[in-house]
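Structural overview for review
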Amino acid sequence: MNNTQTYPVYLSMHALLLTCSLVLGVSVSAATLDDTTSRTARHATRLAFEVCGTCHGAKGISELPKIPNLAGQDPDYLSAQLKAFRNQTRGDPDAVGYMWGMAAALDDDTISALALHYAARPASAGQVSTPSLLPAGRTLYQEGLPDLGVPACSACHGIDAHGMAGFPRLAGQHAQYLIKQLRSFQNNMRDVAVMHGVAQGLKVKEMESVAAYIESLR
Ligand code: HEC
Ligand code: HEC
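Residues numbered from 1 in each chain as written. Chains lettered and ligands numbered in written order. Predicted model: local features only at pLDDT ≥ 70, side-chain atom pairs only at ≥ 80, totals over all residues. Heavy atoms only, no water.

Right, let's talk about the coordination of the iron atom of ligand 1 for a bit. With distances of 2.0 to 2.2 Å, the protein atoms coordinating the iron atom of ligand 1 are His56 (NE2) and Met99 (SD). Metal-centred angles of 85 to 178° between the six donor atoms at the iron atom of ligand 1 mark the site as octahedral. One end of the pair, histidine 56, is in helix H1 (residues 2-56); the other, methionine 99, is in helix H3 (residues 93-104), and 43 residues separate them in sequence. For the pair histidine 56 and methionine 99, a shared accessibility class is recorded, and that class is buried. (Donors = N, O, S within 2.8 Å, 3.2 Å for Na, K, Ca; no water. Tetrahedral: all angles 85-135°; square planar, octahedral: opposite > 155°, others 65-115°. Helix = DSSP H or I, 4+ residues; strand = E, 2+ residues; numbered from the N terminus. Buried < 20%, exposed > 50% of the residue type's maximum accessible area, 1.4 Å probe, protein only.)

Set out below in structure tokens:
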């Protein structure tokens, strides 16, 4: 009689302990996951300030016109570019010289954390360096050059150049960097079919004016 009473008690205690250890086990592994995520985020923040920041600026706004601003850029675009440097598929000379080495040792989680770090920073406020180029640049950006088969940049990068759905933000980017990229798309050193098609018919003066206009946007 005694036995039949203690047995279910023992069973339910055992079940309770099992449940506790399962719950504890789950919460321990969730905590480990959280720890890893926040450790990766801390590592990315440290890298951004101590390494990337020496060229791209402490806030992701670079002081040097041939080095791109990263602040406010689309995180998926940033991740894709870091992977392209790591895979050595983005091959313009400054990418090879500066970024292949930088990206070589980054794992996917660190790349994602770096991308989120920069995407969350306020973007460049833009600057006007050559006012005389702005009207032609605006026309080219917003309307393209239909006679020459150059599409409007706004169709993919947005009317405000803030980017959209996988197309990078351009607004406020350094003109010198933009011109360098347009030339790299043109000669396929940065091998991206869609931008090769856009840039192939552009003359130097047109690149300069569209870059000046884009740089002026905030
Ligand atoms: C020694 C200078 C230097 C350092 C340090 C550096 N970069 Fe760069 N980065 C560059 C240059 C120069 C370019 C432009 C390459 C080109 O012209 O194609 C660039 C381009 C990029 C781009 C492409 C941006 C775009 O709009 O397409 C990303 C993303 C980037 N760097 C992220 C990083 C991250 C993250 C780090 C730190 C892990 C870092 N960089 C460290 C010089 C540097
Ligand atoms: C059909 C869509 C499309 C149109 C139109 C287009 N772009 Fe792009 N552009 C892209 C895509 C996609 C990328 C990202 C390429 C990559 O993944 O490396 C890009 C990238 C760029 C970059 C590199 C940005 C960086 O941070 O390195 C520049 C500069 C650029 N485009 C300028 C222009 C200009 C100027 C025009 C108009 C003359 C234009 N684009 C029209 C799709 C387009």
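Next comes the rest of the write-up.
This part is about the nonpolar core. Grouped together as the largest cluster of nonpolar side chains are 24 residues, with contacts concentrated most on Tyr141, Ala161, Leu170, Leu182, Val210 and Ile214. When contributions to this core are tallied by element, the ones reaching two or more residues are helix H5 (134-143), helix H7 (175-186), helix H8 (193-199) and helix H9 (204-216). Per-element accounting of this core gives the leading share, six residues, to H9. Apart from the residues lying within four places of it in its own chain, the contact partners of leucine 182 are Met195, Ala199, Met207 and Val210. Leu70, Ala95, Ala113 and Leu114 belong to the second-largest nonpolar core, a separate cluster that totals 17 residues. (Core = buried A, V, L, I, M, F, W, Y, C linked by side-chain atoms within 4.5 Å. Contact = heavy atoms within 4.5 Å.)

Within the structure, ligand 2 sits among 21 residues, and Cys153, Cys156, His157, Tyr177 and Met195 are positioned closest to it. A distance of 2.8 Å is found between a nitrogen atom of ligand 2 and a side-chain nitrogen or oxygen belonging to histidine 157. Those elements giving two or more residues to the shell around ligand 2 turn out to be helix H2 (75-86), helix H6 (154-157), H7 and H8. In terms of residue count, H7 provides more of the shell around ligand 2 than any other element does, five residues in total. (Near = heavy atom within 4 Å. Polar contact = N/O pair within 3.5 Å; in protein donor to acceptor, adjacent residues only side chain to side chain.)

As a further point, take empty space enclosed by the protein. The final tally for this structure, using the stated rule, is one cavity of 30 Å³ or more. Every residue along the wall of the largest cavity is listed here: Asn69, Ala71, Gln73, Ser124, Arg169, Leu170, Ala171, Gly172 and Gln173. Among the residues making up the lining of the largest cavity, the classes are represented as three nonpolar, five polar and one charged. Counting the residues that make up the lining of the largest cavity, at least three belong to each of domain 1 (2-119) and domain 2 (131-216). (1 Å grid on protein atoms, 1.4 Å probe; cavity = no way out; pocket = protein on both sides within 12 Å on 5 of 7 lines; lining within 4 Å. Points joined across faces, edges and corners; volume = space filled by probe spheres on them. Nonpolar A, V, L, I, M, F, W, Y, C, P; charged D, E, K, R; others polar. Domains from an automatic or database assignment.)

When you line up the elements, tryptophan 100 lands in helix H3. Here the alpha-carbon distance between tryptophan 100 and alanine 84, two residues 16 residues apart in the chain, equals 8.7 Å. With sequence-adjacent residues up to four places away left out, tryptophan 100 is seen in contact with Phe85, Gln88, Arg90, Gly91 and Ala95.

On to the site of ligand 1. Taken together, 24 residues lie around ligand 1, and Cys52, Cys55, His56, Met99 and Lys180 are the ones closest in. Contacts to ligand 1 include aspartate 92, whose side-chain N or O atom sits 2.6 Å from an oxygen atom. One of the side-chain nitrogen or oxygen atoms of lysine 180 is found 2.6 Å away from an oxygen atom of ligand 1. Among the secondary structure elements, those contributing two or more residues to the shell around ligand 1 are H1, H2, H3 and H7.

Where H2 meets H3, the axes come as close as 7 Å, and the angle between the chain directions of the two elements is 100°. Relative to H3, H2 is oriented roughly perpendicular. Where H2 abuts H3, its residues Leu82, Phe85 and Arg86 lie against Ala95, Met99, Trp100, Ala103 and Ala104. Its residues assigned to classes, the contact of H2 with H3 shows seven nonpolar, no polar and one charged. (Axes fitted to C-alpha atoms, helices over the stretch in contact; angles between N-to-C directions. Parallel < 35°, antiparallel > 145°, perpendicular 65-115°, else oblique.)

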